[in-house]
Amino acid sequence: MDNNKPETTDVDTNETVLKPQAKDDSSQATKTAPTLKRAPGPSSRHRKLGSSWWVRLSILISWLAAGTAIAGCYWLYLQLNNQQIQQQKLVTDFSSVEVGNQQLKQELKQSLSTPNQRIALLEQQQSDDAKAYQQLVSLQKAHKQLQERVAIVAQRSPNHWMASEAEYLVRMASRKIWLEKDPQTAASLLQAADNRIEAMKDPALHQLRKALAHDIAATQAIKTTDIAGSVYAIDAVIDQIANLPLNRINTEISADPLTEPLTDSIDDWQTNLSKSFKQFVEGFITIRQRTTDLEPLLPIEQQWYLVENVRLKLLQAQFSLHNYDEQGYKSAIDYAQRWVKQYFDMSDRNTLNVLAQLEKLSGLTIESINTKQFQSTPLLQELITYGQMMPEEEPTL
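Notes on the structure follow. Throughout this document, residue positions are counted from 1 along each chain, in the order its sequence is written. Per-residue local features are limited, in this predicted model, to residues with pLDDT of at least 70; the limit for side-chain atom pairs, both in listing and counting, is 80 or more; totals at the level of whole chains, interfaces and linings are taken over all residues. Side-chain measures here rest on the full set of heavy atoms in the structure, leaving out hydrogens and waters.

1. Observations regarding unusual backbone geometry
In most cases, non-glycine residues show a negative phi, while peptide bonds are predominantly trans. Condition: Here a helix means four or more residues in a row that DSSP labels H or I, a strand means two or more in a row labelled E, and each is numbered from the N terminus.
Residues other than glycine seldom take positive phi values, yet Lys201 does so here, at roughly 55°. Mapping Lys201 onto the fold places it in the loop between helix H5 (183-199) and helix H6 (206-220).

This is the structure:
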């Protein structure tokens, strides 16, 4: 309908233009000629129609593009939303799978713990069995060795037992002389060993008996100190130290000379005056006598320390006796003597008795034992090992 309107307008304009030409009035033609309007040409009309068409087309295309963009955005939004939902679902599924895996791991650990424990128990039993087997093997070996030794001993002569007994007695004698410092008992044990060798009635053992005789003589010749008696004597002195009286202040006052009494005669006033003046001068300084008990020179605390120090020195002397330390013994006894003389009452009988005992103990001499080994020991070991004495090698020329 819009396309038909321009055509009607064109017909009307043409008619208006052709009407003055039908009349032959020149004057009107000249008058109307300047008032005529020029009709638009076909090019301008087509230009307007073309521009309006492209505008409409562009608007339509823009609307279509906008709708397409909105639809695409909406579709993209839906896709992203679906993807998010799927992702959350995947995370949930993954967490559930992790929980399931943890449960499976725990179940596997629990199911494997029992076999592992049984395996460890079996390994422990196997190691115990191996140790028991080793012990059994060692016991069998020791039993076999014992049987062999019993067989060897059974084949020997009865004199072998007497030789073993003599070797034991010599070993005990060595312990008595070197550990207990008792040569008297050691000599008795050596004599008993010699009696066992003599009872064997074997002339080939003369070398062994000669060595035993030498050991017996050397042991009897040792001069020993009575260590036990000296220790008991020191113990007796220690018991007496606590009862000794300490030194006290010397309060002996010389008696005043007898003063001549004053006479009653008036004629002797000069003599009485001189006597009174002399008594006044001599009695200017008054000396009062003590009626209470005398105090010792040392306080109570120092008395206790003094007694304990003396006891300590005597105990050191005993320790030196057991160690055969003569220098340490004499030094300890000397300190005890000096302290008793310096701090205790020398006029008391008990103090003098203690000093006499200490003087006797100070003269004690301690002799050490220099014997290292008995000559009969290697010979007895040879007799026990081989069953007889090995012949001596003759010296080469």
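2. With respect to helix H11 (residues 349-362)
Cut-off, in case you're wondering: Multiply 1.5 Å by the residue count of a helix minus one, and that product is the helix's expected span. Counting of polar contacts relies on pairs of N or O atoms within 3.5 Å, with two restrictions inside protein: one atom must be capable of donating a hydrogen and the other of accepting it, and residues adjacent in sequence are counted only when both atoms are side-chain atoms.
In this model H11 runs 20 Å from its N-terminal to its C-terminal C-alpha over 14 residues, within 8% of the 20 Å that 1.5 Å per residue would give. With a side-chain oxygen positioned 3.0 Å from the backbone nitrogen of Asn350, the residue opening H11 is Asp348.

3. A look at the packing of H5 against H6
Defined as follows: Every axis in this analysis is a line fitted to C-alpha atoms, fitted for helices over the stretch in contact. Angles between the N-to-C directions lie between 0 and 180 degrees. Geometric relationships in this document are graded by angle, where less than 35 degrees denotes roughly parallel, more than 145 denotes roughly antiparallel, 65 to 115 denotes roughly perpendicular, and other angles denote oblique. In this scheme the handedness of a crossing depends on how the near helix is turned from the far one: anticlockwise by less than a right angle means left-handed, clockwise means right-handed. Any two residues whose heavy atoms approach within 4.5 Å are treated as being in contact. Note on residue categories: nonpolar means Ala, Val, Leu, Ile, Met, Phe, Trp, Tyr, Cys or Pro, charged means Asp, Glu, Lys or Arg, and polar means any other residue, Gly included.
At their nearest, the axes of H5 and H6 sit 9 Å apart, and the two run at 165° to each other. Here H5 is positioned roughly antiparallel relative to H6, judged by the angle of their axes. For the pair H5 and H6, the crossing hand works out as left-handed. Along the contact surface, H5 presents Pro183, Ala186, Ala187, Leu190, Gln191, Ala193, Asp194, Ile197 and Glu198, while H6 presents Leu208, Arg209, Leu212, Asp215, Ile216, Thr219 and Gln220. Here the contact of H5 with H6 is composed, by residue class, of nine nonpolar, three polar and four charged.

4. Concerning the side chain of Lys313
Worth spelling out the cut-off: With a 1.4 Å probe rolled over the protein chains alone, any residue whose accessible area is under 20% of its type maximum counts as buried; one over 50% counts as exposed, and the rest are partly exposed. Charge assignment in this entry is limited to Lys and Arg as positive and Asp and Glu as negative, and neither His nor the chain termini are counted. Salt bridge, as used here: a side-chain nitrogen of Lys or Arg that lies within 4 Å of a carboxyl oxygen of Asp or Glu.
Relative to the elements of secondary structure, Lys313 occurs in helix H9 (residues 300-322). The buried charged residue Lys313 lacks any salt bridge, with Asp334 as its nearest oppositely charged partner at 9.6 Å. Once residues lying within four places of it in the same chain are set aside, the contact partners of Lys313 are Ala332, Tyr335 and Trp339.

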